[in-house]
Amino acid sequence: MTKLFSKTRKTHPSDEVALNAQLLIKAGYIHKEMAGVYSYLPLGLKVIENIKDIVRDEMNALDSQELTMTTLQEKELWEKTDRWDDNNVDIWFKSELKNGTEVGFGWSHEEQVGNMVKEYINSYRDLPMSVYQFQNKLRNETRAKSGILRTREFIMKDMYSFAESEEQHKEFYDRVTESYHKVFDRVGLGKDTYFTFASGGAFTDKFSHEFQTLVGAGEDIVYIDKKQKIALNKEVMNDDVLDLLKLKKENFEESVSAEVGNIFSFGSSKSETLGIYFTDKEGVSRPVIMGSYGIGIARLMGVIVEYFSDENGLNWPYSVAPYKVILTTIGNDPDVLKEAETMYKNLTDKGIEVLYDDRDARPGEKFADADLLGIPLRVVISEKNIKSGELEIKRRSEKNSQYIKKDELQKVIETIKKNNT
RNA sequence: CGGGGUGUGGCGCAGUUGGCUAGCGCGCACGGCUGGGGGCCGUGAGGUCGCCGGUUCAAGUCCGGCCAUCCCGACCA
């Protein structure tokens, strides 16, 4: 911790109202550049990378392939789908090249990816196919708010799928739904994250689907059916939709939620506009069926903060925690320091990420920071504990510390990992 | 984009009807005492009072414009 350039602080900036940003700034995870624009410091970046690793793992399991597309985008492509005009899409950041050519900064990559894959999709043998990326999206929001939940620049995982038929598309779409549930389970939000019917929007089928996490800081209103574990976004909550889905209104209750993911079907409309065709078995040229699947990585981090934090600060699920153990020394006794360094090495050698609080600070400050930083397990090394021969541990999710035998530590860590808290 | 609020050392704040070298706490540096839930004492560094212009003998304070930021609303593909 003496080498960590970020430091904790006791207060948050007075103009930061959102809990997620208050805590992340106090703990030194993020830095605000301007309204709706945040930098991710070493601790914050580790959380982002942990979330990305989980998402990446699940996307790869779908045989989707990772790539990275550019932020600068061509005007012509968006004009084809009539989405360049500011009257149709009002969140564009635009600029121009030295020669006057207009360019846009990507707020989505649907058009770009569609245009790109035309080169590689020729035959039904090339389908189904899917690609994804983690990328900074730029959206000129009229009003950024809620800390890192709604920003002008944000990290998003966006995936795109291409299929030869509605059936093939549906199969992939359903597998993505499963994968998304796994992602939200793995980051600790599974219990309160609902598969949600939402309005389709331009170019899409009747419904799109969202993944909504029940959390007070959210911006959406959903109606949830806890038994069936599904939800309807308020925007589609009406009798026609209920009839169509064969659902009963009385099973639903209203709740505030945050959208952590969404998935769209485009059918063949976008392919027809962009000219993405393949040749089927009969030699007939047909438009591909396209889908789009997003997870807001930075927003997900913010939702996790909002969901788990308490009056003492952050509280990360093990799976996304920047460090799994915080090793806290008390006093400057040589035996204490030696013991701490031995433990640091032992745990690190086992692949467990340890944040070593080697500061010459008083216990109270160290404990307060350990809580604020939200590391799942705290281990305290002190003269007192060395004499007793026991290990003092405290889980972030629990109030009091406990004493265990030294050889039980590994088991405790395994348990926390398994329960993800 | 409509409405409202706020800008004073890195952070949180005070500064009265305009008036004297712009204060306080945290943090920071140095010295000392401490040592299990943000401890204490002393010394010190650090400020174009958001920016530009105006009124005045005199502006952090009054007026105008601008900028930034937050909240409510609208929007959210």
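Refer to the structure above for everything that follows.
Scoring rules and cut-offs
- Residues numbered from 1 in each chain as written.
- Chains lettered and ligands numbered in written order.
- Predicted model: local features only at pLDDT ≥ 70, side-chain atom pairs only at ≥ 80, totals over all residues.
- Heavy atoms only, no water.
- Phe/Tyr/Trp six-rings, centres within 6.5 Å; stacked < 30°, edge-to-face > 60°.
- Helix = DSSP H or I, 4+ residues; strand = E, 2+ residues; numbered from the N terminus.
- Buried < 20%, exposed > 50% of the residue type's maximum accessible area, 1.4 Å probe, protein only.
- Lys NZ or Arg CZ within 6 Å of the ring centre and 35° of its normal.
- Pairing = 2+ DSSP bridges.
- Near = heavy atom within 4 Å.
- Polar contact = N/O pair within 3.5 Å; in protein donor to acceptor, adjacent residues only side chain to side chain.
- Arc of directions from axis to C-beta.

Colleague: Please clarify how the packing of aromatic side chains should be interpreted in this entry.
Modeller: Aromatic ring pairs are reported here in terms of the distance separating the ring centres and the angle at which the planes meet. If you walk through the whole model with that rule in mind, you get 17 aromatic pairs. Judged by centre distance (5.8 Å) and plane angle (75°), the rings of F172 and Y293 are edge-to-face. With F172 in helix α5 (residues 166-186) and Y293 in strand β16 (residues 289-296), this residue pair connects regions lying 121 residues apart in the sequence. One exposure class covers both F172 and Y293, and it is buried. Between Y173 and Y293, the ring centres sit 6.0 Å apart and the planes meet at 55°, which makes this aromatic pair tilted. Remark: Y293 occurs in strand β16 and Y173 occurs in helix α5; sequence separation between them is 120 residues. Taken individually, Y173 and Y293 each receive the classification buried, so the pair is uniform in this respect. Connected via pairs of aromatic rings, a cluster forms that spans Y180, F184, F195, F197, F207 and F211. For the cation-ring pair, K229 lies above Y194, with the distance from its terminal atom to the ring centre recorded as 4.9 Å. Above the face of the Y318 ring, K324 is positioned so that its terminal group lies 5.1 Å from the ring centre.

Colleague: What should I look at first to understand the pairing of strand β10 (residues 207-214) in this one?
Modeller: Looking along a regular strand, one sees side chains alternate from face to face of the sheet. Within β10, eight of the eight residues are buried, which leaves the element mostly enclosed by the surrounding structure. Burial along β10 is two-sided: the face carrying F207, H209, F211 and T213 and the face carrying S208, E210, Q212 and L214 are both buried. As defined by bridge partners, strand β9 (residues 193-199) adjoins β10 across seven bridges and the pair is classed as antiparallel. Residue F195 lies in a different strand from β10, and its bridge partner there is F211.

Colleague: Teacher, can you tell me more about the protein's contact with RNA strand B here?
Modeller: For RNA strand B, the set of nearby residues contains 39 residues, the closest of which are T11, R143, R150, S382 and E392. Sugar plus phosphate: this is where 46% of the atoms of RNA strand B within 4 Å of the protein reside. Within the contact set of RNA strand B, a sugar or linking oxygen lies 3.2 Å away from a side-chain nitrogen or oxygen of K10. In this structure, a base nitrogen belonging to RNA strand B sits 3.4 Å away from a side-chain N or O atom of E365.

Colleague: Quick question: what am I supposed to make of helix α12 (residues 409-419) here?
Modeller: Residues three or four positions apart in an α-helix share a direction because the helix packs 3.6 residues into each turn. Residues of α12 that are buried: L409, V412, I413 and I416. Taken end-on, α12 shows its buried residues confined to a sector of 100°, consistent with a single buried face. Seen from the buried face of α12, the exposed residues on the opposite side, beyond 90 degrees, are K411 and K418. Downstream of α12 by a residue or two, N420 has a phi angle that is positive, lying close to 60°.

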